[in-house]
Amino acid sequence: MPSGEPQVIQKKEQPSRGMDMNSVLNRHGEPEIRHSTVGDPPITRWDYDGFSVIFEGRFVIHTVVRSTQTSSTTVHP
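Right, let's walk through the structure included here.

Cut-offs and rules
Residues numbered from 1 in each chain as written. Predicted model: local features only at pLDDT ≥ 70, side-chain atom pairs only at ≥ 80, totals over all residues. Heavy atoms only, no water. Pairing = 2+ DSSP bridges. Helix = DSSP H or I, 4+ residues; strand = E, 2+ residues; numbered from the N terminus. Contact = heavy atoms within 4.5 Å. Axes fitted to C-alpha atoms, helices over the stretch in contact; angles between N-to-C directions. Phe/Tyr/Trp six-rings, centres within 6.5 Å; stacked < 30°, edge-to-face > 60°. Buried < 20%, exposed > 50% of the residue type's maximum accessible area, 1.4 Å probe, protein only. Lys NZ or Arg CZ within 6 Å of the ring centre and 35° of its normal. Salt bridge = Lys/Arg side-chain N within 4 Å of Asp/Glu carboxyl O.

All right, on to the pairing of strand 2 (residues 43-48) then. Pairing of strand 1 (residues 33-34) with strand 2 involves two bridges; the strand directions are antiparallel. Its bridge partner being in strand 2, Arg-34 is matched across the sheet by Trp-46. With six bridges connecting them, strand 2 and strand 3 (residues 51-56) associate as antiparallel partners. Residue pairing for strand 3: Ile-43 is matched across the bridge by Glu-56. Taken together, strand 2 and the strand that follows it, strand 3, pair antiparallel across an intervening segment of two residues, in which Gly-50 is found at a positive phi of about 95°.

The following block contains the structure:
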């Protein structure tokens, strides 16, 4: 992502929109982190190695792939 703009990339192994929480657990196992549910409608995020899954209620609405690249910033006075 050299431009810094988000890109939509879908892979077969990623949870897809509409999957329920049990299907995600069966396919990917227990997440590294389960964030607390917030808001109304309830939104929940589960973090796996390399991606996060966002649920509305018990259904997937987004899967976000986290970049493995680190960006370096140089500050010039």
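This brings us to the sheet that holds strand 1. Pairing is antiparallel across the open sheet formed by four strands, whose spatial order is 1-2-3-4. Strand pairing shows two members of the sheet lacking a second neighbour, strand 1 and strand 4 (59-65), which therefore form its edges. Relative to strand 2, helix 1 (residues 21-28) is tilted by about 5°, and along the sheet it contacts strand 1, strand 2, strand 3 and strand 4.

Enumeration according to the criterion identifies two aromatic pairs in this entry. Ring plane angle 15° and centroid distance 5.1 Å describe the contact between Tyr-48 and Phe-51, whose orientation is recorded as stacked. Judged by relative accessible area, Phe-51 falls into the buried class, the value being 14%. Across the ring face of Trp-46, the terminal group of Arg-34 is positioned such that the distance to the ring centre comes to 4.5 Å.

Throughout the structure, instances matching the rule amount to three salt bridges. Salt-bridge contacts for Arg-34 lead to Glu-30; the nearest nitrogen and oxygen are separated by 2.7 Å. With a relative accessible area of 44%, Arg-34 lands in the partly exposed category. Since its relative accessible area comes to 53%, Glu-30 is described here as exposed. Two residues, Arg-45 and Asp-47, come together in a salt bridge whose shortest N-O distance is 2.9 Å. The partly exposed category is assigned to Arg-45, whose relative accessible area is 35%. When its relative accessible area of 8% is taken as the criterion, Asp-47 is described as buried.

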